[in-house]
Amino acid sequence: MLLESMKKGIGKYVMIVLASLLILSFAVWGIGDMAGVTSNSNKIATVGDTEISQREFQDQFRREMDRLRSKLGNIDAEQARSLGIADATLNSIISRRLIALQAADIDLLISDDQLVRQIQNEPAFRNELGQFDRAVYQTMLANNSLSESKYVAALSQETQRDYISGIISSGIEAPLKLVNIIFQYQNESREVEIAQTRRTSAGSPPKPTVSQLTKFLENNAQNFMAPEYRQLSVLYLDPDKISKELSPSDESIRTEYEDRLSSLIVPERRRLEQILFEEETSAKKAYAALKKGNNFAKVASELGDRSKKEIELGLLFHGELPPSLADATFALNKDQHTTPIKSALGWHIIKVTEIVPQREPSLNEVKKQISDDLARDLALDDLVKRANQAEDVIAGGGSIFDAAQAVGLKILKTGPIDATGTLETGSKQTGLPADQRFAQIAFSLDKGETSDLLEAPNGGYFMVRVENVKNAAQQPLEQIRPVVLKAWQQDWLTNQARVSAEQIREEAKKGTPLSALATKKNLTFIKSRQITRFNAQSDQSLPPSIIEDLFKAEIGEVFIGPTMEGHAVVKLIDIQRAKTANSRNELEQIRKTLSDTIANDVLQEYIRALRKKYPVSINESSFNSYFVDQAAGSR
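All values reported here derive from a predicted model rather than from experimental measurement.

### Quick look at the overall build of the protein chain
Turning to step 1, where the next piece is worked out: For the protein chain, the helix and strand inventory stands at 22 helices and 17 strands.
Turning to step 2, where the next piece is worked out: Overall size of the protein chain, expressed as C-alpha extent along the three principal axes, is 85 × 80 × 70 Å.
Turning to step 3, where the next piece is worked out: A buried classification covers 39% of the 635 residues belonging to the protein chain.
Turning to step 4, where the next piece is worked out: Put simply, 72% of the contacts in the protein chain that link residues at least 6 apart link residues at least 24 apart.
Turning to step 5, where the next piece is worked out: Accessible surface computed for the protein chain: about 36,500 Å², of which carbon and sulfur atoms make up 49%.
Turning to step 6, where the next piece is worked out: Side-chain charges of the protein chain comprise 79 positive and 85 negative groups, with the mean position of each set lying 6 Å from the other.

### Comments concerning the sheet that holds strand β7 (residues 312–317)
Turning to step 1, where the next piece is worked out: Taken together, 4 strands build an open sheet; the order of strands is β7-β6-β9-β8 and the sheet is antiparallel. The open sheet terminates on both sides in strands that have one partner only, identified here as β7 and β8 (341–343). Between one strand axis and the next, the sheet turns by 45° as a mean value, whatever way the strands run.
Turning to step 2, where the next piece is worked out: Pairing of strand β6 (residues 269–277) with β7, which is carried by 5 bridges, proceeds in the antiparallel orientation. Bridged to Leu272 within β7 is Gly314.
Turning to step 3, where the next piece is worked out: Across the face of the sheet, helix α12 (residues 280–291) comes into contact with β6 and β9 (346–356) while running at roughly 35° to β9.

### Notes on the nonpolar core
Turning to step 1, where the next piece is worked out: The biggest cluster of nonpolar side chains holds 30 residues, and the ones touching the most others in it are Phe57, Phe61, Leu90, Ile94, Leu98 and Phe627.
Turning to step 2, where the next piece is worked out: Elements with a contribution of two residues or more to this core: β1 (43–47), α2 (54–72), α3 (77–82), α4 (85–105), α21 (584–613), β17 (616–618) and α22 (620–634).
Turning to step 3, where the next piece is worked out: Aside from chain neighbours lying at most four places away, what touches Phe57 is Ile44, Ala86, Thr89, Leu90, Ile93, Phe623, Tyr626 and Phe627.

### Overview of the sheet that holds strand β5 (residues 229–237)
Turning to step 1, where the next piece is worked out: In space, the 4 strands of this open sheet follow the order β10-β5-β12-β11, with antiparallel pairing throughout. Lying at the two open borders of the sheet, with one neighbouring strand each, are β10 (412–413) and β11 (454–455).
Turning to step 2, where the next piece is worked out: The pairing of β5 with β10 spans 2 bridges and is antiparallel. Considered in β10, the bridge of Val234 is made with Leu412.
Turning to step 3, where the next piece is worked out: The strands touched by helix α15 (residues 363–395) within the sheet are β5 and β12 (461–470), with β12 carrying the most contacts at an inclination of about 50°.

### Here we look at the packing of aromatic side chains
Turning to step 1, where the next piece is worked out: Going through the model one piece at a time under the given rule, you end up with 8 aromatic pairs.
Turning to step 2, where the next piece is worked out: Ring geometry for Phe132 and Tyr137: centres 5.9 Å apart, planes at 50°, overall tilted.
Turning to step 3, where the next piece is worked out: Phe132 gets classed as partly exposed once you look at its relative accessible area, which sits at 29%.
Turning to step 4, where the next piece is worked out: Their ring planes at 70° and their centres at 5.7 Å tell us that Phe438 and Phe462 sit as a pair that is edge-to-face. Residue Phe438 is located in helix α17 (residues 437–442), and its partner Phe462 is located in strand β12; the two are separated by 24 residues in the primary sequence.
Turning to step 5, where the next piece is worked out: Residue classification places Phe462 among the buried positions, given a relative accessible area of 0%.
Turning to step 6, where the next piece is worked out: Pairwise contacts between aromatic rings join Phe125, Phe132, Tyr137 and Tyr151 into one cluster.
Turning to step 7, where the next piece is worked out: Over the aromatic face of Tyr185 sits the side chain of Arg533, whose NZ or CZ is 4.0 Å from the ring centroid.

### Examining unusual backbone geometry
Turning to step 1, where the next piece is worked out: Backbone geometry places Asp305, a non-glycine residue, at a positive phi of 55°.
Turning to step 2, where the next piece is worked out: If you trace the backbone, Asp305 turns up in the loop between α13 (296–304) and β7.
Turning to step 3, where the next piece is worked out: Residue Asp335 is not a glycine yet carries a positive backbone phi of 75°.

### Overview of the environment of Asn600
Turning to step 1, where the next piece is worked out: Within the secondary structure layout, Asn600 lies in helix α21.
Turning to step 2, where the next piece is worked out: Distance from Asn600 to Ser165, taken between C-alpha atoms, is 9.4 Å for residues 435 residues apart in sequence.

### A look at the packing of helix α6 (residues 134–143) against helix α7 (residues 148–169)
Turning to step 1, where the next piece is worked out: It is at 10 Å that the axes of α6 and α7 come closest, and there the two elements cross at 85°. With respect to α7, the axis of α6 lies roughly perpendicular. Two secondary-structure elements touch here, α6 through Arg134, Tyr137 and Leu141 and α7 through Glu148, Tyr151 and Val152.
Turning to step 2, where the next piece is worked out: Per-class residue counts for the contact of α6 with α7 are 4 nonpolar, no polar and 2 charged.

### Details of the confidence of the model for the protein chain
Turning to step 1, where the next piece is worked out: Residues of the protein chain with pLDDT of at least 70 account for 92%, and the chain-wide mean is 85.
Turning to step 2, where the next piece is worked out: Low pLDDT, under 50, characterises residues 1–40; the stretch is placed with 96 contacts to residues that sit more than four places away or in other chains.

### Details of helix α18 (residues 477–509)
Turning to step 1, where the next piece is worked out: Of all bends in α18, the biggest is about 45°, found at Val483.
Turning to step 2, where the next piece is worked out: Burial in α18 covers these residues: Leu477, Ile480, Val484, Trp488, Leu493, Ala497, Ser500, Ala501, Ile504 and Ala508.
Turning to step 3, where the next piece is worked out: One or two residues past the end of α18 sits Gly511, with phi positive at roughly 115°.

### Things to note about the side chain of Arg199
Turning to step 1, where the next piece is worked out: Assignment of secondary structure puts Arg199 in the loop between β3 (189–198) and α9 (210–219).
Turning to step 2, where the next piece is worked out: Each residue touching Arg199, except ones within four places of it in the same chain, is listed here: Gln490, Leu493, Thr494, Ala497, Thr563, Met564, Glu565 and Gly566.

### What about the pattern of salt bridges?
Turning to step 1, where the next piece is worked out: Scanning the model with the defined rule gives 33 salt bridges in all.
Turning to step 2, where the next piece is worked out: With a closest N to O distance of 3.4 Å, Lys43 and Glu51 form a salt bridge.
Turning to step 3, where the next piece is worked out: Since its relative accessible area comes to 14%, Lys43 is described here as buried.
Turning to step 4, where the next piece is worked out: Under the relative-accessibility criterion, Glu51 is labelled partly exposed at 46%.
Turning to step 5, where the next piece is worked out: Across the salt bridge formed by Arg97 and Glu56, the nearest N and O atoms sit 3.1 Å from each other. With Arg97 in helix α4 and Glu56 in helix α2, this residue pair connects regions lying 41 residues apart in the sequence.
Turning to step 6, where the next piece is worked out: Among the residues examined, Glu56 registers a relative accessible area of 30% and is labelled partly exposed.

### What about the pairing of strand β2 (residues 50–53)?
Turning to step 1, where the next piece is worked out: Examined bridge by bridge, β1 and β2 share 4 bridges and lie antiparallel to one another. Its bridge partner lying in β2, Val47 is registered against Thr50.
Turning to step 2, where the next piece is worked out: Here β1 folds back onto β2, and the loop between the two strands holds 2 residues, one of which, Gly48, carries a positive phi near 60°.

### Structural notes on the packing of α4 against α7
Turning to step 1, where the next piece is worked out: Where α4 contacts α7, the two axes come as close as 9 Å, and the packing angle between them is 75°. The pairing of α4 with α7 is recorded here as roughly perpendicular in orientation. Every residue of α7 that contacts α4 at Arg96, Ile99, Ala100, Gln102 and Ala103 is listed here: Gln157, Gln160, Arg161 and Ile164.
Turning to step 2, where the next piece is worked out: Here the residues of the contact of α4 with α7 sort into 4 nonpolar, 3 polar and 2 charged.

Reading the values: rules and limits
- Residues numbered from 1 in each chain as written.
- Predicted model: local features only at pLDDT ≥ 70, side-chain atom pairs only at ≥ 80, totals over all residues.
- Heavy atoms only, no water.
- Helix = DSSP H or I, 4+ residues; strand = E, 2+ residues; numbered from the N terminus.
- Buried < 20%, exposed > 50% of the residue type's maximum accessible area, 1.4 Å probe, protein only.
- Contact = heavy atoms within 4.5 Å.
- Areas by Shrake-Rupley, 256 points an atom, 1.4 Å probe, with all protein chains shown as cover.
- Lys, Arg positive; Asp, Glu negative; His and termini not counted.
- Charge placed at Lys NZ, Arg CZ, Asp CG, Glu CD.
- Pairing = 2+ DSSP bridges.
- Axes fitted to C-alpha atoms, helices over the stretch in contact; angles between N-to-C directions.
- Core = buried A, V, L, I, M, F, W, Y, C linked by side-chain atoms within 4.5 Å.
- Phe/Tyr/Trp six-rings, centres within 6.5 Å; stacked < 30°, edge-to-face > 60°.
- Lys NZ or Arg CZ within 6 Å of the ring centre and 35° of its normal.
- Parallel < 35°, antiparallel > 145°, perpendicular 65-115°, else oblique.
- Nonpolar A, V, L, I, M, F, W, Y, C, P; charged D, E, K, R; others polar.
- pLDDT = per-residue confidence, 0-100.
- Bend = angle between axes of the 7 residues up to and from the residue.
- Salt bridge = Lys/Arg side-chain N within 4 Å of Asp/Glu carboxyl O.

This is how it looks when you write it as structure tokens:
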């Protein structure tokens, strides 16, 4: 329901895919092909003889964006589009429009009285007394960027949709046989025995010949490729670099100091010692000893079994202590101690050994930090102006070099670097923008191409031109011999572990117990491991490559497969069907999931049929222009 979406945001739980037996379809109200193209820029889609305006899409998409941001943090429109939110939003609007057209054709009208009753009966619009409250109602709509007219219209469409979908899906229920198949698929367990061969037990690899290494390199060339290198020209408007060239005036520093003074104050701190007891009686006994004048460290040692070092807490602010301890501790004078205070950790007695009063730092103490902060602010303001100048130059047909000259900065010409910013020498190229997009952009351009001017997370700006491209290439053996040798030796050990596993498999197939073979060859042996399809993937002793075949196998079959440490030999000992006797809740959940899925498929087909009755066309240029405008607005 629309209101449920308002209350829960975008938290729609994704149902688990039940292996290959069950494939869930897309949500009915967000399906459909983006078929057909229109050209009128004032509309984003046509449904039947009605239009969906770009504004209608924008309003709905922005609401979805707000809900996304409440869950995922600050993401932009293009990121949301890449997640499929844009297509889902448009298709959702189209599906609602199709239902509205169908409802009008069959004279399905929702009366005003019915809508009023639905709104008044909605719990989200009630006050603390459980009564409908118009102020709560209006606040809820405002918080979701909805006018009352839009909400009522949407509620009417949703009621029509629910009525029609209810009729279509009424009575749909998954067959009991299918429910049981899925239940068994999920819960059937298999008992296996496992013998593990390890590379470390395979002995020492022989010394390979040059011919062997050469052949190994040829057969595994993709693992020894030199990365692609690019030489770049980079214009980087770096706020950190610019700020070092700026010197705020003494007057501005003093004004900033006075404005910040309240936040610069260093609160009072106290050096504390503590004796902690588990029992109240022990704490009271220690407190009595302290009241008699006994030394705090002596009492801690004799009654709390704590050394001098163990009782020291150090210098702490009020906020660094639990509230139950802080107020009492900071009410003491120097060399006083608290009464026993209870917390979740036990009973505390705390002594104050030193008090460092609250103080205001002098201007000289914080002058450099304030100066640096002001210089950075000035740099950011300056860079906005320079960025605008650079964009004007580029818009006028100028090059990256012309833009650099216009803003008074030098172009950084890199050596050949890979996508990590590493030079061919192995050292890092300095001066590159600290933006994860930089490498992605630099390595997506063709030779001679220049990127747009982009804003970096630190408030700076950058653009990049590709001067030269050195494609990824196979490296000669002479250059990487140590690396190839190590890989060859590892491969030899892996093959030895595999050969050993194959021999054990053949003997196990002939009837020799796997446990006896493991003992004979001094291998790790795991007996009676119970696995299901859903816990097998997390079992590191099981080779992932055999799991599918293992659940198709008969008792007694033997498999081998690679593991992290070598190879494993796995024998299927027993198959245990899942018991339904105490699984009523799980069976009911499966039945409900399957029933909902079948109903969803039926509704999906219904929507597809409506698309044929009321043709749908998408204005691709209008749809795309929204994201172009958003991207431009963010720069």
